[in-house]
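Coordinate analysis (summary)
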Amino acid sequence: NAGVTQTPKFRVLKTGQSMTLLCAQDMNHEYMYWYRQDPGMGLRLIHYSVGEGTTAKGEVPDGYNVSRLKKQNFLLGLESAAPSQTSVYFCASREGTLETDEQYFGPGTRLTVT
Amino acid sequence: QKEVEQDPGPLSVPEGAIVSLNCTYSNSAFQYFMWYRQYSRKGPELLMYTYSSGNKEDGRFTAQVDKSSKYISLFIRDSQPSDSATYLCAMSAGYSSASKIIFGSGTRLSIRP
């Protein structure tokens, strides 16, 4: 049981390049989230999904797109990377029942845009 | 003004000391309050979870919520070097369609041996 995994762990992009971050969870969770973490800003929600085939915008969605074609995977895309997107990106998943609001986080992807 | 305010620290205390970490918030709809611990270069992990006002204890950790003051605290007793991490408070209004969680910016804690 790997929990939440993220690929890649590190990436350096040039301005204008595109990339996709992959998040996978093996806990059969309904809800999945993408956050970015910047110094002094805490975790900010980019996009989230409440089930396979659904996506919704979070607090800071501009410049990002997402897809949830399979329940276990949640992809975050950057179509044209900008230096302001240099950050650590975390994926999280949640069961979606009423018993708990716990989100399980992946190890993060460190992205630098030059 | 941020919905959740948290002193970023860093906070450095000697081993064995009692640590107090705090957050204030402005949204009176928040009912679920969490503390996450994040070790360096790792993802956050849930440490404590409380609903509404009151105290909750788990081993050396006590979470306290005062909804009237919009203030939450995490106390760590007999602090250990292994407690050195960043602690993030988090809260949500409840189990609506996605119950988005709002995080504080985190307090960096260092326990000196």
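Residues numbered from 1 in each chain as written. Chains lettered and ligands numbered in written order. Predicted model: local features only at pLDDT ≥ 70, side-chain atom pairs only at ≥ 80, totals over all residues. Heavy atoms only, no water.

Some thoughts on the packing of aromatic side chains
The condition is simple: Stacked, edge-to-face and tilted are the three classes for Phe, Tyr and Trp ring pairs, Trp counted by its six-membered ring, which pair at centre distances within 6.5 Å; planes under 30 degrees apart are stacked, over 60 edge-to-face, the rest tilted. Throughout this description, buried means an accessible area under 20% of the type-specific maximum (1.4 Å probe, protein chains only), exposed means over 50%, and partly exposed covers the range between. Note on conventions: DSSP H or I runs of at least 4 residues are helices, E runs of at least 2 residues are strands, and numbering of each starts at the N terminus. The criterion for a charge sitting over a ring is simple: Lys NZ or Arg CZ within 6 Å of the ring centre, and within 35 degrees of the ring normal.
Tallied over the entire structure, the rule returns 13 aromatic pairs over all chains. Note on Tyr33 of chain A and Tyr35 of chain A: the rings are 6.2 Å apart at their centroids and 25 degrees apart in plane angle, and the pair reads as stacked. The two residues Tyr33 of chain A and Tyr35 of chain A agree in class, both being buried. Centre to centre, the rings of Tyr33 of chain A and Tyr48 of chain A are 6.3 Å apart; their planes meet at 25 degrees, and the pair counts as stacked. Residue Tyr33 of chain A is found in strand β4 (residues 31-38), and its partner Tyr48 of chain A is found in strand β5 (residues 42-49); the two are separated by 15 residues along the sequence. According to the relative accessible area criterion, Tyr48 of chain A is buried, its value standing at 9%. Members of the aromatic cluster, joined through ring pairs, are Tyr33, Tyr35, Tyr48, Phe90 and Phe105 of chain A together with Tyr36 and Phe103 of chain B. The ring of Tyr31 of chain A is capped by Arg94 of chain A, whose NZ or CZ atom sits 4.2 Å from the centre of that ring.

Structural notes on the interface of chain B and chain A
Rules: We call two residues in contact whenever any of their non-hydrogen atoms come within 4.5 Å of each other. Reported buried area values correspond to the accessible surface (1.4 Å probe) lost by two parts on association, with both partners' losses combined. Whenever a carboxyl oxygen of Asp or Glu lies within 4 Å of a side-chain nitrogen of Lys or Arg, that contact is scored as a salt bridge. Two N or O atoms count as a polar contact when they lie within 3.5 Å, although within protein this holds only if one can serve as hydrogen donor and the other as acceptor, and sequence-adjacent residues are included solely when both atoms are side-chain atoms. Each residue is assigned to one class: nonpolar for Ala, Val, Leu, Ile, Met, Phe, Trp, Tyr, Cys and Pro, charged for Asp, Glu, Lys and Arg, and polar for all the others, Gly among them.
Of the residues lining the interface, 21 residues belong to chain B; the matching set on chain A comes to 25 residues. Surface buried jointly by chain B and chain A totals about 1800 Å² across both partners, of which 54% is contributed by carbon and sulfur atoms. Taken together, chain B and chain A are joined by 0 salt bridges. In this structure, the connection of chain B to chain A is made through 3 residue pairs in polar contact (both at pLDDT 80 or more). Sorting the residues of the side of chain B that touches chain A by element identifies β4 (32-38), β5 (45-51) and β9 (85-92) of chain B as the ones contributing at least two each. Looking at the side of chain B that touches chain A element by element, the count peaks at 3 residues for β4 of chain B. In terms of residue class, the side of chain B that touches chain A is built from 10 nonpolar, 7 polar and 4 charged.

Side note on the nonpolar core
This is how it is decided: To form a nonpolar core, buried Ala, Val, Leu, Ile, Met, Phe, Trp, Tyr and Cys residues must be joined to one another through side-chain atoms within 4.5 Å.
Trp35, Ile72, Leu74, Tyr87 and Met91 of chain B are the most contacted members of the largest nonpolar core, which totals 24 residues. Looking at this core, the elements with two or more residues in it are β3 (19-25), β4, β5, β7 (61-66), β8 (71-76), β9 and β11 (107-112) of chain B.

A look at the pattern of salt bridges
When the charged atoms of two side chains lie near each other, side chains of opposite charge can form a pair. Using the criterion set out here, one finds 6 salt bridges over all chains in the structure. Close ionic contact of Arg37 of chain B with Glu45 of chain B constitutes a salt bridge, the shortest N to O distance being 3.3 Å. Taking the relative accessible area as the measure of exposure, Arg37 of chain B reaches 15% and is therefore buried. Judged by relative accessible area, Glu45 of chain B falls into the partly exposed class, the value being 36%. Several salt bridges converge on common partners, so that one network encompasses Arg36, Asp38 and Arg44 of chain A.

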